[in-house]
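# Notes for the structure review
Below are the chains, spelled out letter by letter.
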Amino acid sequence: MSTATGSTQDLSATLPLDPAIKSGTLPNGLTYLIRKNGRPEKRAMLRLAVKAGSMDEDEDQRGLAHMLEHMAFNGSTHFKPGELVSYLESIGARFGPHVNAYTSFDETVYMLDVPTDRPGTLTRGFEALSDFAGGVTLDTAEIDRERGVVIEEWRGRLGAGTGMQEPQLKALFGDSRYVNRIPIGTPEVLKSFPPERLRQFYRDHYRPGRMAVMVVGDIDPAEIERLITQHFSSLQPGGAPRTVYPIPDHADTRYVSVSDVEAQGSSVSVTYKGPMLPLHTAGDYRRSLVRSLLHQMLNARFAEIARQPDAPFLRASSDDETFGLTVEATSVSARVNDGAVDKGLRALGEEIARVRQHGFGEAELDRAKRSAIASYERAYNERGTTESDGYASELLRYYLSEEAAPGIEIELNLVRQFLPTITAQEIGAMGRDLFSDRSRVVIATSPQKAGLVAVTEPALREALAAGTSATVTAWRDEMGGRELISRKPVP
């Protein structure tokens, strides 16, 4: 295989970091990633990513990773309680679109978008970010005030389908620690934890070796590097090492049927879990491209089925997702009419059987390849108009998920090289591998309402077995060889 430069592509070669990204590590271990981008102009996206979340909590700290995220805005070295929010509002940043944070199982991320054309705003932004990293005051009176806010948030989530969440998490995560570390925590801990336990969490897990600062926007990278060095070099290394908690696989298929008054409609999904695979090398990139073509073709089939007069589902899709730090999964899911979960599940099972038995056709693959190359070429041609928040998200994935970020130019070259070498047989083999019977989870959800009975687990088991064991014919490709316009107009 030759590249645009005429050299042979080494599949084991590590993909380089996009040269447009300035990266480095401070002596204390803090990582930084900087990218100049003028859209929108006169604005900068500031991010602090911390590899610490609810999975790092001890039993008596459940909910404190999220509590700490709240406290970061309630008093710190450079901002008295309430002052940071007022300051950010004064420079036109609003909570939600420009100022935000989230806590998940494995990470906490703080996001500030600040104007760069007003004196001092960048410096103040860095003061806030460095305060999050190491200068949160954690005053006892402020902690006690914030308890009520977080408990109200917990109560709010109770209504929004938390009753459905627990059995689903148990099915997906099994006996792993994840089941008992939902980031919102428990009301018992939130009401009564000693403030020292929150301070201990901060000391243990907010350490420069587990943090990265990302800046994307209308900025001078050298000036940003200087500001990062100035504001973050005083953070002390050390703290608790990060523990990676596994999610055990299982030979059986798990079935869950949940209903809730909050559910917006009926749906069913089949999730196939496997080990998390890296995306570091050219070979990894090629594998991800094969997987992406598989989803594209399967989604095209689902769209065609959904258009049929007596379709078994309203819509269906196939995609990848990750669980924790060790598992990635392929899921097929369908939105169905109320009372038709088993019918929808059987149809999903039949399409999985079709992939296992017959794979994909050449015409389907040709269309998927054309669509893939067109989307990469469009992204390359429009690279000058990419918004900064898209680049900021890419940098977060690069740091938190170790997903390569070689840049659209290298990606387009890789796609041009690899696409012609990918065969329908190869994708069919990947489909048989992904859709195995191991570590499989079926989840059905439906609303609670008069006259609607939730589907039982035996009915789910029966529907999936009927679908996946069916003898099916190869997919009939109605589009193959068809012209969009039969008589072409005269130019």
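Residues numbered from 1 in each chain as written. Predicted model: local features only at pLDDT ≥ 70, side-chain atom pairs only at ≥ 80, totals over all residues. Heavy atoms only, no water.

This paragraph deals with helix H14 (residues 457-468). Every α-helical turn comprises 3.6 residues, leaving residues that sit three or four positions apart pointing alike. With 12 residues, H14 extends 17 Å from end C-alpha to end C-alpha; this agrees with the ideal 16 Å at 1.5 Å per step. Considered for burial, the residues of H14 that qualify are Leu 460, Ala 463, Leu 464, Gly 467 and Thr 468. Down the axis of H14, the sector holding all buried residues measures 115 degrees, keeping them to one side. Relative to its buried face, H14 has exposed residues pointing more than 90 degrees away, namely Pro 458 and Glu 462. Of the surrounding secondary structure, the elements contacted by the buried residues of H14 are strand S7 (253-260), strand S8 (266-275), helix H9 (341-358) and strand S11 (440-447). (Helix = DSSP H or I, 4+ residues; strand = E, 2+ residues; numbered from the N terminus. Expected span 1.5 Å × (residues − 1). Buried < 20%, exposed > 50% of the residue type's maximum accessible area, 1.4 Å probe, protein only. Arc of directions from axis to C-beta. Contact = heavy atoms within 4.5 Å.)

On the basis of which strands lie adjacent, the open sheet formed by 6 strands has the order S1-S2-S6-S3-S5-S4 and mixed pairing. At either margin of the open sheet sits one strand with a lone partner, and together these are strand S1 (21-25) and strand S4 (99-103). Going from strand to strand, the sheet's axes swing by 10 degrees on average, the running direction of each strand aside. With 6 bridges joining them, strand S2 (residues 31-36) and strand S6 (residues 211-217) adopt parallel strand pairing. Directly across from Lys 36, in S6, lies its bridge partner Gly 217. (Pairing = 2+ DSSP bridges. Axes fitted to C-alpha atoms, helices over the stretch in contact; angles between N-to-C directions.)

This part is about the pairing of S8. In terms of burial, S8 is largely enclosed, as 7 of its 10 residues are buried. In this structure, S8 lies alongside strand S10 (residues 327-336), joined through 10 bridges in antiparallel fashion. From the neighbouring strand, Gly 274 faces S10, where its bridge partner is Glu 328. Judged from the 6 bridges that link them, S8 and S11 form a sheet pairing that is antiparallel. Its bridge partner lying in S11, Val 270 is registered against Val 442.

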